[in-house]
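# Breakdown of the fold
Listed below are the residues making up each chain.
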Amino acid sequence: QVQLVESGGGLVQAGGSLRLSCAASGRTFRNYSWFRQAPGKEREFVARIRWYELYTYYADSVKGRFTISRDNAKNTVYLQMNSLKPEDTAIYYCAANSNGGLRVVEYDYWGQGTQVTVSS
C-alpha cells in the first residue's frame, strides 16, 4: 500500500538548479530522506525531514546548496538543488521510516529513483 514516487530529475549544467519531488501514498511516516547513488558507488544520505515536526538535516556535501521541504496537503517531499556540481550526478531516491537515521539499511520504503545528471 505504501508507495513513494520520485520525479523531477534531468540534465542540467553545473551551477544550475533542479527540484525533485517525492509523492507519497498509502500512509505517512515520521521521517523522509533523500539518498543518492552514483555509478559504482554506495548509496549515500543527502537530506532528511520529519513529517510532523520542524526538523531537517543535511549531509555536509550538500549543506547550503540543497533544501528539503514538504507539503503535507499534497503528501509530497521536495529536494531543491541549487549550485549543482558534476559530483552531484546520481540516481536520487526517496525513502521513509519511523526513526530516521543516515543508513540505507534503516529505511523501510524506497522509491524507484530519478536520474540527475550535471554536466561541466
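To start, this report covers the structure provided alongside it. Please read all numbers here as calculations on a predicted model, not as lab measurements.

### A word on the sheet that holds strand β1 (residues 3-7)
Read across the sheet, 4 strands follow the order β1-β3-β8-β7 without closing on themselves; strand pairing throughout is antiparallel. Each edge of the sheet is formed by a strand with only one pairing partner; in this case those strands are β1 and β7 (66-71). Adjacent strand axes in the sheet meet at a mean angle of 15 degrees, parallel and antiparallel pairs treated alike. Both β1 and strand β3 (residues 18-25) contribute to a ladder of 5 bridges, which runs antiparallel. Among the inter-strand pairings, E6 is bridged to a residue of β3, identified as C22.

### Structural notes on the nonpolar core
Ranked by internal contacts, the top residues of the largest apolar core, which has 32 residues, are Y32, W34, L79, M81 and Y92. Per element, the largest residue contribution to this core is 5 residues, and it comes from strand β9 (residues 90-97). Aside from chain neighbours lying at most four places away, what touches L79 is L18, R19, L20, W34, V46, A47, F66, T67, I68 and Y92.

### Overview of the packing of aromatic side chains
Scanning all chains against the criterion turns up 8 aromatic pairs. On the numbers, 5.2 Å between centres and 50 degrees between planes, the contact of Y32 with W51 is tilted. Of this pair, Y32 sits in strand β4 (residues 31-37) while W51 sits in the loop between β5 (44-50) and β6 (56-58), placing them 19 residues apart in sequence. Seen in terms of ring centroids, F45 and Y57 are 6.0 Å apart; in terms of plane orientation they differ by 35 degrees. Their pairing is tilted. Taken together, the residues F45 in strand β5 and Y57 in strand β6 connect sequence positions 12 residues apart. Accessibility expressed as a relative area gives 36% for Y57, which makes it partly exposed. A network of ring pairs unites the aromatic residues F35, F45, Y57, Y93, Y107 and W110 as a single cluster. The positively charged end of R50 is found above the aromatic ring belonging to Y55, 4.1 Å away from the centroid.

Parameters at a glance
- Residues numbered from 1 in each chain as written.
- Predicted model: local features only at pLDDT ≥ 70, side-chain atom pairs only at ≥ 80, totals over all residues.
- Heavy atoms only, no water.
- Pairing = 2+ DSSP bridges.
- Helix = DSSP H or I, 4+ residues; strand = E, 2+ residues; numbered from the N terminus.
- Axes fitted to C-alpha atoms, helices over the stretch in contact; angles between N-to-C directions.
- Core = buried A, V, L, I, M, F, W, Y, C linked by side-chain atoms within 4.5 Å.
- Buried < 20%, exposed > 50% of the residue type's maximum accessible area, 1.4 Å probe, protein only.
- Contact = heavy atoms within 4.5 Å.
- Phe/Tyr/Trp six-rings, centres within 6.5 Å; stacked < 30°, edge-to-face > 60°.
- Lys NZ or Arg CZ within 6 Å of the ring centre and 35° of its normal.

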